[in-house]
Amino acid sequence: MLRDAVRALSEAKIAPFAAEVDEEARFPQEALDALVAADLHAVHVPEEYGGAGADALATVIVIEEVARVCASSSLIPAVNKLGSLPVVLSGGEDLKKKYLGPLAKGDGMFSYCLSEPDAGSDAGGMKTKAVRDGDSYVLNGVKRWITNAGVSEYYTVMAVTDPDLRTKGISAFVVEKGDEGVSFGAPEKKLGIKGSPTREVYLDNVRIPADRLIGAEGTGFATAMKTLDHTRITIAAQALGIAQGALDYASGYVKERKQFGKPVADFQGVQFMLADMAMKLEAARQLTYSAAARSQRVSDGGDKEHLTFFGAAAKCFASDVAMEITTDAVQLLGGYGYTRDYPVERMMRDAKITQIYEGTNQIQRIVMARNLP
Ligand SMILES: Cc1cc2nc3c(=O)[nH]c(=O)nc-3n(C[C@H](O)[C@H](O)[C@H](O)COP(=O)(O)OP(=O)(O)OC[C@H]3O[C@@H](n4cnc5c(N)ncnc54)[C@H](O)[C@@H]3O)c2cc1C
């Protein structure tokens, strides 16, 4: 029922703007409005904080269905989870009440600020600093590649509080868009997900109350990594949705397109491509849903269940599969697939990011090798 509802909403209210959002590289406001109206913009927020209380699998299904029509728009529910999960996992009760309520109501989105210009894969090498000063912390630094920066009201920022302790000297904070000293760079000009703004976040002597610290001092990096264990599964969901959108489009097209006097779908070479695409997609889906079930059981207080391995594996496998399927979808449309008159080239460009963010697929393989089940 959830899938049917999200699919219907996505097709009616998000799909019609997907090409325009990509072409104009503009924020998909129509999608945000439709998702907020249907209470689908941050479904993971627990009911006790005014949220929909969706479990990890339900959240995956929402992201997957939105991504099937518009990958940029799927970053609304996905990044709301990424940005706020540190608060959910490690924040105190007051912090949760203060920030999860407005997020659930649609009054403000959340972004996640880990990466920096010189600290990407090696996020522990970050330079942004937070210095305690009485009842405040003062933050200085530059965060790079921040999804939905400038649009979001709230930012989870990882910053160094004790440089001698490396990753154990990193702490997490909530920073608000309106805090004095917060500003944003120009939107990056990207290959895909052009509707999702990606910007630098500048922190210039940003003074915030000390109670914006998430968890204890020095636990920020651990919180950031724990968050990724859960949210890499949402990137897998995004990859599944993009791939499903491309497969659906290509499988319809080959039945209509005629060459040599018959639909190209009648050629066995084309059928074998479609079969491989569907097979890989279903394998990715099963791995992703299994990872989501583990994520939920861990959130419910269960054992770790190799979540780190499964989160990395789902993200890595689904994103590689999405890249293959979208590339094959372009191939199946021939020359037409290579133009912006058809959606598959957008899907191919959008799929590429899923192999890069929340840790590149090289990094996922390192994570998997260190956490073999
Ligand atoms: C559109 C977009 C949105 C993003 N959104 C966010 C966001 O909201 N919040 C956020 O914090 N970050 C975000 N990121 C940042 C993203 O997570 C990083 O770009 C990513 O982790 C890679 O870091 P890097 O770009 O510095 O690449 P680098 O770390 O410089 O990597 C360069 C290459 O070296 C490889 N490499 C690096 N180390 C190793 C190794 N040990 N072994 C093998 N290969 C290695 C990488 O796989 C890659 O191929 C976003 C990025 C993009 C492009």
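See above for the structure.
Note that this is a predicted model, so its numbers are computed, not measured. (Residues numbered from 1 in each chain as written. Predicted model: local features only at pLDDT ≥ 70, side-chain atom pairs only at ≥ 80, totals over all residues. Heavy atoms only, no water.)

A. Quick look at the packing of aromatic side chains. Evaluation of the coordinates by the stated rule reveals ten aromatic pairs. Summarising the aromatic geometry, the rings of Tyr253 and Tyr342 are spaced 5.9 Å apart at their centres and angled 85 degrees between planes, so their arrangement reads as edge-to-face. Placement of the pair is Tyr253 in helix H6 (residues 220–256) and Tyr342 in the loop between helix H9 (334–337) and helix H10 (344–353), with a sequence separation of 89 residues. Looking at Arg144, its charged tip hangs above the ring of Trp145, at a distance of 4.5 Å from the centre. A cation over a ring is seen here: Arg294 above Phe310, with NZ or CZ 3.6 Å from the ring centre. (Phe/Tyr/Trp six-rings, centres within 6.5 Å; stacked < 30°, edge-to-face > 60°. Helix = DSSP H or I, 4+ residues; strand = E, 2+ residues; numbered from the N terminus. Lys NZ or Arg CZ within 6 Å of the ring centre and 35° of its normal.)

B. Geometry of the site of the ligand. The full set close to the ligand counts 20 residues, and Tyr112, Ser115, Ser121, Trp145 and Thr360 are the nearest of them. In the environment of the ligand, an oxygen atom lies 2.6 Å from a nitrogen or oxygen atom belonging to the side chain of Thr360. Protein chains shield 65% of the accessible area of the ligand, which is 980 Å² for the free molecule. Looking at the shell around the ligand, the elements that each hand over two or more residues are strand E3 (136–147) and helix H11 (361–370). In terms of residue class, the shell around the ligand is built from ten nonpolar, eight polar and two charged. (Near = heavy atom within 4 Å. Polar contact = N/O pair within 3.5 Å; in protein donor to acceptor, adjacent residues only side chain to side chain. Areas by Shrake-Rupley, 256 points an atom, 1.4 Å probe, with all protein chains shown as cover. Nonpolar A, V, L, I, M, F, W, Y, C, P; charged D, E, K, R; others polar.)

C. Focus on the packing of helix H4 (residues 71–90) against helix H5 (residues 93–105). Where H4 contacts H5, the two axes come as close as 10 Å, and the packing angle between them is 160 degrees. Regarding the angle of H4 to H5, the classification is roughly antiparallel. As for the relative orientation of H4 and H5, their crossing is left-handed in sense. Of the residues in H5, those touching H4 at Asn80, Ser84, Val87 and Val88 are Leu95, Lys96, Leu100 and Leu103. In terms of residue class, the contact of H4 with H5 is made up of five nonpolar, two polar and one charged. (Axes fitted to C-alpha atoms, helices over the stretch in contact; angles between N-to-C directions. Parallel < 35°, antiparallel > 145°, perpendicular 65-115°, else oblique. Left-handed = near helix turned anticlockwise from the far one by under 90°. Contact = heavy atoms within 4.5 Å.)

D. Layout of the environment of Lys129. The topology assignment puts Lys129 in strand E2 (residues 129–133). Looking at Lys129, the relative accessible area reads 42%, which means it is partly exposed. Expressed as a C-alpha distance, the spacing of Lys129 and Gln362, which sit 233 residues apart in the sequence, is 28 Å. Other than its neighbours up to four places away in sequence, Lys129 contacts Val138, Leu139, Asn140, Ala159 and Val160. (Buried < 20%, exposed > 50% of the residue type's maximum accessible area, 1.4 Å probe, protein only.)

E. Representation of unusual backbone geometry. Positive phi values are uncommon outside glycine, yet Asp39 reaches one of about 60 degrees. As for its position among the elements, Asp39 is in the loop between helix H2 (29–37) and helix H3 (56–69).

F. Representation of the pattern of salt bridges within the structure. Scanning the model with the defined rule gives 28 salt bridges in all. In this structure, Arg3 engages Glu64 in a salt bridge whose closest nitrogen and oxygen atoms are separated by 3.5 Å. Pair noted here: Arg3 is in helix H1 (residues 2–24) and Glu64 is in helix H3, with a separation of 61 residues, a long-range link. (Salt bridge = Lys/Arg side-chain N within 4 Å of Asp/Glu carboxyl O.)

G. Looking closely at the side chain of Arg294. On the secondary structure map, Arg294 appears in helix H7 (residues 268–299). Beyond its immediate chain neighbours, meaning those up to four positions away, Arg294 contacts Glu305, Leu307 and Phe310.

H. Structural context of a negative patch on the surface. A cluster of acidic residues, Glu47, Glu48, Glu93, Asp94, Asp135 and Asp211, forms a negative patch at the surface. Checked against the element boundaries, Glu47 lands in the loop between H2 and H3. (Patch = residues over 30% accessible without salt bridge, like charges linked within 9 Å, V, L, I, M, F, W, Y side chains within 5 Å. Lys, Arg positive; Asp, Glu negative; His and termini not counted. Charge placed at Lys NZ, Arg CZ, Asp CG, Glu CD.)

I. The arrangement of the environment of Val45 in detail. Within the secondary structure, Val45 is located in the loop between H2 and H3. Its relative accessible area of 0% is what places Val45 among the buried residues. Distance in space between the C-alpha atoms of Val45 and Gly337 is 39 Å, their sequence separation being 292 residues. When neighbours within four sequence positions are excluded, Val45 is seen to be in contact with Gly51, Ala52, Gly53, Leu100, Leu103 and Ala104.

J. Here's a closer look at the packing of H3 against H6. Close contact between H3 and H6 brings their axes to 7 Å; oriented N to C, the two are set at 40 degrees. Of the two elements, H3 crosses H6, and the hand of that crossing is right-handed. From H3, Val60, Ile63, Glu64, Ala67 and Arg68 reach across to H6, where they touch Ile233, Thr234, Ala237, Gln238, Leu240, Gly241, Ile242, Gln244, Gly245 and Asp248. For the contact of H3 with H6, the per-class residue count stands at seven nonpolar, five polar and three charged.

K. View of the nonpolar core. Core analysis: the largest hydrophobic core is formed by 55 residues, its most contacted members being Val254, Leu274, Met277, Ile325, Leu332 and Val344. Secondary-structure elements contributing two or more residues to this core are H3, H4, H6, H7, helix H8 (307–332), H10 and H11. The element contributing the most residues to this core is H8, with 15 residues. Once residues within four sequence positions are removed from consideration, Val344 is found in contact with Ala246, Tyr249, Ala329, Val330, Leu333 and Gly337. Ala119, Met126, Met158 and Val160 belong to the second-largest nonpolar core, a separate cluster that totals 26 residues. (Core = buried A, V, L, I, M, F, W, Y, C linked by side-chain atoms within 4.5 Å.)

L. Highlighting the pairing of E3. The pairing of E2 with E3 spans five bridges and is classified as antiparallel. Opposite Asp133, over in E3, you have Ser136 as the bridge partner. Joining the antiparallel neighbours E2 and E3 is a turn of two residues, in which Gly134 adopts a positive phi near 65 degrees. Of the strand pairs in this sheet, E3 and strand E7 (residues 198–209) are connected by nine bridges, and their pairing is antiparallel. Its bridge partner being in E7, Leu139 is matched across the sheet by Val206. (Pairing = 2+ DSSP bridges.)

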